[in-house]
2 protein chains.
Amino acid sequence: MADYEVLKTINSPKDVKDLSFMALNELCEEMRSAVLNRVSRIGGHVGPNLGVIELTVALHYVFNSPVDKMVWDVSHQSYPHKMLTGRAAGFYDETKFSEISGYTAPQESEHDIFTVGHTSTSVSLAAGLAKARDFKGEKHNVIAIIGDGSLSGGEAFEGLDNAGDFKSNFIVIVNDNEMSIAENYGGLYGNLSKLRETKGAAQDNYFKALGFDYRYVEEGNDVVKLITELMKVKDIDHPVVVHIHTLKGNGYRPAEENKEAFHWSLPFDVESGKLLPFNGGESYGSIVADYLENRVRQDKSLAVVNAGTPGAVCMRDFRSRHPDNFFDVGIAEEHLIAFISGMAKSGLKPVGLFFGGFIQRTYDQLSQDLCLNKSPAVIVLENCGITGMDVTHLSIFDIAMISSIPNLVGLAPSCKSEAIRMLDWAFAQKDFPVVIRTPADISQNLIYEPKQDIELNKFEMLKKGSKVALLGLGNFLKLAEDTAELLKEKGIEATIINPRFTTALDEDMLSSLVENHNIVVTLEDGVLAGGFGEKVAAFYGDKPVKVYNFGAYKEFTDRVPVAELLERYELTPAQIVRKIM
Amino acid sequence: MADYEVLKTINSPKDVKDLSFMALNELCEEMRSAVLNRVSRIGGHVGPNLGVIELTVALHYVFNSPVDKMVWDVSHQSYPHKMLTGRAAGFYDETKFSEISGYTAPQESEHDIFTVGHTSTSVSLAAGLAKARDFKGEKHNVIAIIGDGSLSGGEAFEGLDNAGDFKSNFIVIVNDNEMSIAENYGGLYGNLSKLRETKGAAQDNYFKALGFDYRYVEEGNDVVKLITELMKVKDIDHPVVVHIHTLKGNGYRPAEENKEAFHWSLPFDVESGKLLPFNGGESYGSIVADYLENRVRQDKSLAVVNAGTPGAVCMRDFRSRHPDNFFDVGIAEEHLIAFISGMAKSGLKPVGLFFGGFIQRTYDQLSQDLCLNKSPAVIVLENCGITGMDVTHLSIFDIAMISSIPNLVGLAPSCKSEAIRMLDWAFAQKDFPVVIRTPADISQNLIYEPKQDIELNKFEMLKKGSKVALLGLGNFLKLAEDTAELLKEKGIEATIINPRFTTALDEDMLSSLVENHNIVVTLEDGVLAGGFGEKVAAFYGDKPVKVYNFGAYKEFTDRVPVAELLERYELTPAQIVRKIM
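Presented here is a report on the structure given in the accompanying data block. (Residues numbered from 1 in each chain as written. Chains lettered and ligands numbered in written order. Predicted model: local features only at pLDDT ≥ 70, side-chain atom pairs only at ≥ 80, totals over all residues. Heavy atoms only, no water.)

Let us look at the overall build of chain A. A tally of regular secondary structure across chain A gives 23 helices and 18 strands. At 26 Å, chain A has a C-alpha radius of gyration in line with the 25 Å of a compact globule built from 581 residues. Along the first, second and third principal axes, the C-alpha atoms of chain A reach 80 × 55 × 50 Å. By residue count, 67% of the 581 residues in chain A fall in the buried class. Summarising the internal contacts of chain A: among those between residues at least 6 apart in sequence, 75% fall at separations of at least 24. Working note: accessible area of chain A is about 19000 Å², and carbon and sulfur atoms make up 49% of it. Charged side chains of chain A number 58 positive and 80 negative; the gap between the two group centres comes to 2 Å. (Helix = DSSP H or I, 4+ residues; strand = E, 2+ residues; numbered from the N terminus. Rg over C-alpha atoms; globule rule 2.2 N^0.38 Å. Buried < 20%, exposed > 50% of the residue type's maximum accessible area, 1.4 Å probe, protein only. Contact = heavy atoms within 4.5 Å. Areas by Shrake-Rupley, 256 points an atom, 1.4 Å probe, with all protein chains shown as cover. Lys, Arg positive; Asp, Glu negative; His and termini not counted. Charge placed at Lys NZ, Arg CZ, Asp CG, Glu CD.)

So, about the packing of aromatic side chains. Scanning all chains against the criterion turns up 40 aromatic pairs over all chains. Each ring, one from Phe262 of chain A and one from Phe268 of chain A, has its centre 5.1 Å from the other, and the planes form 85°; the classification is edge-to-face. Assigned by exposure class, Phe262 of chain A and Phe268 of chain A land together as buried. Centroid distance Phe327 of chain A to Phe339 of chain A: 6.0 Å. Interplanar angle 65°. Geometry classified as edge-to-face. Note that Phe327 of chain A is positioned in strand S9 (residues 326–328) and Phe339 of chain A in helix H15 (residues 333–345), a separation of twelve residues in sequence. Of the two residues examined, Phe327 of chain A and Phe339 of chain A, each falls in the buried class. One aromatic cluster is present, built from ring pairs that chain together Phe157, Tyr206, Phe207 and Tyr214 of chain A together with Phe157, Tyr206, Phe207 and Tyr214 of chain B. Arg38 of chain B extends its terminal NZ or CZ atom over the ring of Tyr79 of chain B, reaching a point 5.8 Å from the ring centre. (Phe/Tyr/Trp six-rings, centres within 6.5 Å; stacked < 30°, edge-to-face > 60°. Lys NZ or Arg CZ within 6 Å of the ring centre and 35° of its normal.)

Moving on: the pattern of salt bridges. The tally for this structure, following the rule as stated, stands at 67 salt bridges over all chains. A salt bridge links Asp112 of chain B to Arg87 of chain B, with the shortest nitrogen-to-oxygen separation between them at 2.7 Å. Of the two residues, Asp112 of chain B is situated in the loop between helix H6 (89–92) and helix H7 (122–135) and Arg87 of chain B in helix H5 (residues 79–87); the sequence distance between them amounts to 25 residues. Note on accessibility: Asp112 of chain B and Arg87 of chain B belong to one class, buried. Residues participating in the shared-partner salt-bridge network are Lys82, Arg87, Glu108 and Asp112 of chain A. (Salt bridge = Lys/Arg side-chain N within 4 Å of Asp/Glu carboxyl O.)

Next up on the list: helix H11 (residues 223–233) of chain A. Residues and elements named next belong to chain A. Listed in full, the buried residues belonging to H11 are Val223, Leu226, Ile227, Glu229, Leu230 and Val233. Lining the buried residues of H11 we find helix H2 (21–42), helix H4 (53–62), strand S4 (170–176), strand S5 (213–217) and strand S6 (239–245). Its side-chain oxygen placed 3.1 Å from the backbone nitrogen of Val224, Asp222 serves as the N-cap of H11. Of the residues one or two after H11, Asp235 is the one with positive phi, at around 65°. (Polar contact = N/O pair within 3.5 Å; in protein donor to acceptor, adjacent residues only side chain to side chain.)

Next up on the list: the nonpolar core. Among the nonpolar cores identified, the biggest contains 198 residues, and Phe170 and Tyr206 of chain A together with Phe170 and Tyr206 of chain B are the most heavily contacted of them. When near neighbours in sequence (up to four residues on either side) are disregarded, Tyr206 of chain A contacts Phe157, Leu160, Leu188 and Asn191 of chain A together with Phe157, Tyr206, Ala209 and Leu210 of chain B. (Core = buried A, V, L, I, M, F, W, Y, C linked by side-chain atoms within 4.5 Å.)

At the interface, 102 residues of chain A touch 103 residues of chain B. Summed over both sides, the interface of chain A with chain B buries roughly 8100 Å², with 58% coming from carbon and sulfur. The largest contributions to the chain A side of the interface with chain B come from Phe135, Glu158 and Phe556 of chain A, which together make up 9% of the buried area. Note that Glu534 of chain B is salt-bridged to Lys535 of chain A, the shortest N-O span being 3.3 Å. Our count for the chain A to chain B interface comes out at 40 residue pairs in polar contact (both at pLDDT 80 or more). Here the residues of the side of chain A that touches chain B are counted per class, giving 44 nonpolar, 36 polar and 22 charged. (Buried area = accessible area lost by both parts, 1.4 Å probe. Nonpolar A, V, L, I, M, F, W, Y, C, P; charged D, E, K, R; others polar.)

For the rest of this paragraph, the subject is the relation of the copies chain A and chain B. Once turned by 180° and shifted 0.0 Å along the axis, chain A lies on chain B with an RMSD of 0.0 Å. These values place the two chain copies in the arrangement generated by a two-fold rotation axis. Here 100% of the interface residues in chain A have copies in chain B that are interface residues too; the copies meet face to matching face. (Least-squares fit on C-alpha atoms with pLDDT ≥ 70 in both.)

Here is the structure:
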């Protein structure tokens, strides 16, 4: 099996169509093995991919990609699809792992139509393809494949609602493995459960309510059965949902038994299912988790709210210890913001936890539901800054995005103790919604005890020097310190400032710098366009001070190592010194 | 009736409870008259308010606001609620019209919990109130009142999905008048239609599918019937949807007969229902509409897409003339962006039309669905800039919001002919998604023929001067010209530049200014924080040029006249000259 005999014969979907049913089953086993081969060594999405191997084989057996268009929601379950579309070596051959991303990527293959990594978008994207097809008088199938977990996102509903009205071919495959990233929450999941129990016959069918024809397939990991059922909807002339019951982690016992842990995993031992040793240790996630653990012991009304990613924000323990204080609203970030606004309006002090850049799903809710109403909720962003992650999972846009929203206070801690002070400050005040962005990499953090209390929109001056002032925002205070060291060698005693606040300037302090500084440098762990540094530059626009902004360029980068990005953005002390000298 | 005998006795909801059923009906008639009194003179939402008078009276009769909490979705139907909560004079007394806004406003009354003006938020906001109530061991009712049109928004679905799982009191009133702002689109509306036809008995009930108990009330404009039905759900111990069939515009024939025109209306003659004469004439909406009309005659594959506001973007005529080329996806802005991305990916050239600031509902979709995929769709924003509108309808944040999104090209025309050139350019190119923001006020626009062709990220220099360079973005090119006139009186021949692009700088041109300019002034019709001017300031950070940014402050303003805002933001030529001299 580990020879990948069948898999190695598959260079494109048409090779799948030539296989006997027996060979198809063999292919599935080899694909399972290849998924495990990759994810056990370099990490990745385990359960979602193991669950859809048979479904993917059946889809490519029945449909004719790329003429027929498949759109994979969130696309972290597209590994099997990649294997059948010329990219199998990226799974069985360790030397080719890095050639393949973990999401659909048009630059890899004509079978990947969109770059996708956020949930709940597939139906809308596919709806556009279907309408364009009709416009052009073409005749192919358009298929959106969406997991049950992604159905809780508003965009998925909007897409279904619109497409439910279509009068032509439109196929939605609902891959129901009874799980989101974590457990599913929300009334819809009661409906899916009833549909499973009744083999699709339950009353009050969500999909039918939105205008779709509907079919249920219980045997979602039986490739022959799937082929039979998919044949029935091929070339259908109206919108249909095929609700397929699959087993997340199918065929790999550790993943079947611990679905949440094996949704996405770091490298692990395939035999035992145990994680390989790695430098885990403390993270801002764990710091925030510890903080909330302490807090809930004193305040039984603490409400911690998350949108479907409790593991990613280190909340699994908290969830099990304090079920009454933990609210998982499902993958529904917009709702989360309005929900905590309502809680805060009632006098509670809710905290919303986001992983990385996903706050960007809520601009309008931050603006209207939260900030216009000045609801003093706390929001913590984790894993922010230049991370080198997948192109869909960049976390560099948040500072710029929130910077134009009135009433919102943004904070960026430079170290653990400051993060705790900021949390204290945010919970204590009652005037503003607060966003605290914590960085991905704690190792870059300097170890210092902030002397000055947190005070609204006041920066902290760590070292008073002259000529050059370095403003190191959040995680980049360390970079300011390192740069100051280098400047010292050049005979310059630079001023070092910890701005703390991302959303406003300490104009008194900035004004005071004019007297004995001619260069002000801003360092931010985020995109320059619309960010913090530009505000500093604008402040000094009419003053005799030169300003240099350092930060990320406005670009989408895909799995570029952090060190390479820092070099590209001139974010090393040597480059910074070179530029300002 | 026009004496408002009963209405004048209502100072708070408890006064409603003392009325006989006969007096309640009289009250409804007086309220209808008061709505018409206001909206016919100063404009406003007509049909939505006329339709819910009986419902509002019944709600305040049965429930006990503000102990029981009512959250009005979008809240443009809250006029009757305002009348019953101490603000009736704002409707029957012309001298008090301006004291009352057209949306719920906590600063006006304790009965208004949130400031709301965007659709589809009520259920989520109310869900937060309900969970907070349970947390605090309180016992009141929480009621979200949402129109059928708002149900198409993803946030409403996310809220319903979450709340459908609640184990305590939660009441959603669905005010079904068979209309959104325009006609409803989407599969869900087929379901609502079946529910109406069957008096709530249809299979595949959308609300039941999400976990709600459900009740149907056909007589949605019968106050006694409504009281009877609402009594049945008062203090209910689980989530329930009360689906109420109302008549939009009820009791005023012109509004009943022309529901779309009377959703929101400028001042009109009550007797005839005819609009009063006003300075309508040409607008950027009509310019874009004419452009698309010309375009569709040559290109039968033109797809114009809008999210539920065809009237606001001047598309009613286009819609009726070219039904195959017009797609109203319902109030579902997120879906709209993904939908046009799918269309563009298939080789079509779709154009999405947004009114004012509502593009802000789509940050993540712009980033992920559209720009990450470089789908060359065109988006036109209408009615942008400093407008003096309601606090929920400000249109000053778009330039800042999109400025951090890679691959997106933003354009701001300074006049009609330039708008048309920009549309031509956007349709002709195939490399980028393009956002064209057109201003609210065409009268402020200068009448000039741009000489230079549109070229990616190239500014246009209109006049070459020295010492001072004025960059007037979009609508504010006129302000740059006026300021230059004033500077001329002071002996300065200023350079005038039309930047055209909001999302990138013409670095060659900016660099060339250094030689013989010592002041660069940016003028933008939007918020400064994160906007265009800050980018210019950052560019000149290390150069011997002073930069002054002029634009709107980061604040929520509520119905402040444009002239007052321009004065406040120092956006008059005299103020600008004073500051830079």
